[in-house]
Amino acid sequence: MQKHAVVVMSMVLASLILTTPVYAKDLKMGTFEVSGSTGLSLNATTLEGPGGDEIDVDTASLVLDGKYYFVDNFAIGLTYNYLNIDSEFDGLDSEITAYGIGPIAEVNLPLSSKAALFGNFSVGVMNIEVDGADSDGYFWGIGGGLKYFLNDSVSMNGALGYTYGEFDDDDVEIDNLGANFGISIYF
C-alpha cells in the first residue's frame, strides 16, 4: 500500500512538471521559506466507549519547516513535527506526545502567477511518550498540496500528507494520513 502511494504521487508530480506553464510563480534560487501549519485534528472529540462510557479525546498537531531553494523551485531544509493526544475514559487520563525532526526536500510546480503545487518528502528521528514512558524511533513522510500567494512574500498552503513512524518499542507505530493548513513566509 505504501509503495503504491509513493509510485502514484511520483507519477502525478512528473506529469505536472512536464505541463508547467512558462508564466508561472517560480520560487527562485536563494529564497528562504519558513512555514507553519496545523492539522485538521486540532479539535475536541467525545466518543462512546464500552458500556456507554464517554471517551474524551483532544488532539493538536503542529508542523514547522525551514527551507532554502538551492535551484529554482527545489528546496532542502529542516522539518519539526509535534502531535499531542489527550484522552479520558472511565476516570483514567492518558496522554500521548510525539515529536520528530529531520531533513525535508520540496519541489514546487508553478501553475500561475498566484499558485503553485508542491510535493515534499521528509525523514527523521522521532520520540513518542505515552503516559510518561518514552520510545525513540524514526519517521518518513510524503505529501503535496497547493500554495496560494497573497503577495511575493506570503502564501497560504493546503496539503495532504502521509506519515509513518516506527519506534524501539515494537508495539508502537504511527500510521497517519491527514490534511494540514498553514502559511509560508519567503525571504
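For the structure itself, look to the data block above.
Please read all numbers here as calculations on a predicted model, not as lab measurements.

Asker: When you look at the packing of aromatic side chains in this model, what are you seeing that I'm missing?
Answerer: Centre-to-centre distance and the angle between the planes together describe a pair of aromatic rings. Under the counting rule described, the total for this entry stands at five aromatic pairs. On the numbers, 4.8 Å between centres and 50° between planes, the contact of Phe 32 with Tyr 68 is tilted. Of the two residues, Phe 32 sits in strand S1 (residues 32-39) while Tyr 68 sits in strand S3 (residues 54-71), which places them 36 residues apart along the sequence. Its end group placed over the ring of Phe 118, Lys 147 keeps NZ or CZ at 5.2 Å from the ring centre.

Asker: Would you mind going over the nonpolar core with me for this structure?
Answerer: Counting seven residues, the largest nonpolar core consists of Ala 98, Met 126, Ile 128, Phe 139, Phe 167, Val 172 and Ile 174. Those residues in contact with Phe 167 that lie beyond four places of it in its chain are Met 126, Asn 127, Ile 128, Ser 135, Asp 136, Gly 137, Val 172, Glu 173 and Ile 174. Leu 27, Ala 75, Ala 116 and Phe 149 belong to the second-largest nonpolar core, a separate cluster that totals six residues.

Asker: So what exactly am I meant to see when it comes to a negative patch on the surface here?
Answerer: On the surface, a cluster of negative charge is made up of Glu 88, Asp 93, Glu 95, Glu 129, Asp 131, Asp 134, Asp 136, Asp 168, Asp 169 and Asp 171. Going through the elements one at a time, strand S5 (92-110) and strand S7 (133-151) are the ones with two or more residues in the negative patch. Counting through the fold element by element, Asp 171 comes out in the loop between strand S8 (154-167) and strand S9 (173-186). The class of Asp 171 is exposed, set by a relative accessible area of 73%.

Asker: I tried to follow the pattern of salt bridges on my own but got confused; where do I start?
Answerer: Any two side chains of opposite charge can pair, given that their charged atoms come close. The tally for this structure, following the rule as stated, stands at six salt bridges. Here Lys 67 ties to Asp 65 by a salt bridge, and the two come within 3.4 Å at their closest N and O atoms. Sharing partners across several salt bridges, the network here consists of Glu 33, Asp 65, Lys 67, Glu 106 and Lys 147.

Asker: What exactly am I supposed to notice about the environment of Ala 159 here?
Answerer: With respect to the helices and strands, Ala 159 occurs in strand S8. With relative accessibility at 22%, the residue Ala 159 sits in the partly exposed group. Ignoring any residue separated from it by four or fewer positions in sequence, one finds Ala 159 in contact with Phe 118, Gly 144, Gly 145, Gly 178, Ala 179 and Asn 180.

Asker: Sorry if this is basic, but what is going on with the pairing of strand S6 (residues 115-130) here?
Answerer: For a regular strand, side chains alternate in direction, first toward one face of the sheet and then toward the other. Alignment of S5 against S6, held across 13 bridges, turns out to be antiparallel. Bridge pairing in S6 places Ile 104 opposite Ser 122. From the end of S5 to the start of S6, which pair antiparallel, there are four residues. With 16 bridges joining them, S6 and S7 adopt antiparallel strand pairing. For Phe 121, the partnering residue across the bridge sits in S7 and is Ile 142. In this antiparallel pair of consecutive strands, S6 and S7, the connection spans two residues, and Asp 131 shows a positive phi of 50°.

About the thresholds
Residue positions are given per chain, counted from 1 along the sequence in the order it is written. Given that the model is predicted, a residue must reach a pLDDT of at least 70 before its local features are reported, and side-chain atom pairs must reach 80 or more before they are shown or counted; all residues, however, enter totals for whole chains, interfaces and linings. Derived side-chain values reflect all non-hydrogen atoms in the structure, with water molecules and hydrogen atoms excluded from consideration. Between the rings of Phe, Tyr and Trp (Trp by its six-membered ring), a pair exists once the centres lie within 6.5 Å; its type follows the angle of the planes, with under 30 degrees stacked, over 60 edge-to-face, and the other angles tilted. Secondary structure follows DSSP: runs of H or I at least 4 residues long count as helices, runs of E at least 2 residues long count as strands, and numbering of each begins at the N terminus. Two conditions define a charge sitting above a ring: the NZ of Lys or the CZ of Arg must be within 6 Å of the ring centre, and it must be within 35 degrees of the ring normal. We call a set of buried Ala, Val, Leu, Ile, Met, Phe, Trp, Tyr and Cys residues a nonpolar core when their side-chain atoms join them within 4.5 Å. Note on exposure labels: buried denotes an accessible area under 20% of the residue type's maximum, exposed denotes more than 50%, and partly exposed covers the range between, all computed with a 1.4 Å probe on protein chains only. Residue contacts are defined here by distance: any two heavy atoms, one from each residue, within 4.5 Å place the two residues in contact. Like charges within 9 Å and nonpolar side chains (Val, Leu, Ile, Met, Phe, Trp, Tyr) within 5 Å are joined into patches, using only residues over 30% in relative accessible area that form no salt bridge. Using a 1.4 Å probe, accessible areas were evaluated by the Shrake-Rupley method; residue-level cover was limited to the displayed protein chains. Salt bridges are defined as contacts in which a side-chain nitrogen from Lys or Arg sits within 4 Å of a carboxyl oxygen from Asp or Glu. The charged-residue count follows a simple rule in which Lys and Arg add positive charge and Asp and Glu add negative charge, with His and chain termini not counted at all. Charge placement uses NZ in Lys and CZ in Arg. For Asp and Glu, CG and CD serve respectively. Paired strands, as defined in this entry, are two strands with at least two bridges between them according to DSSP.

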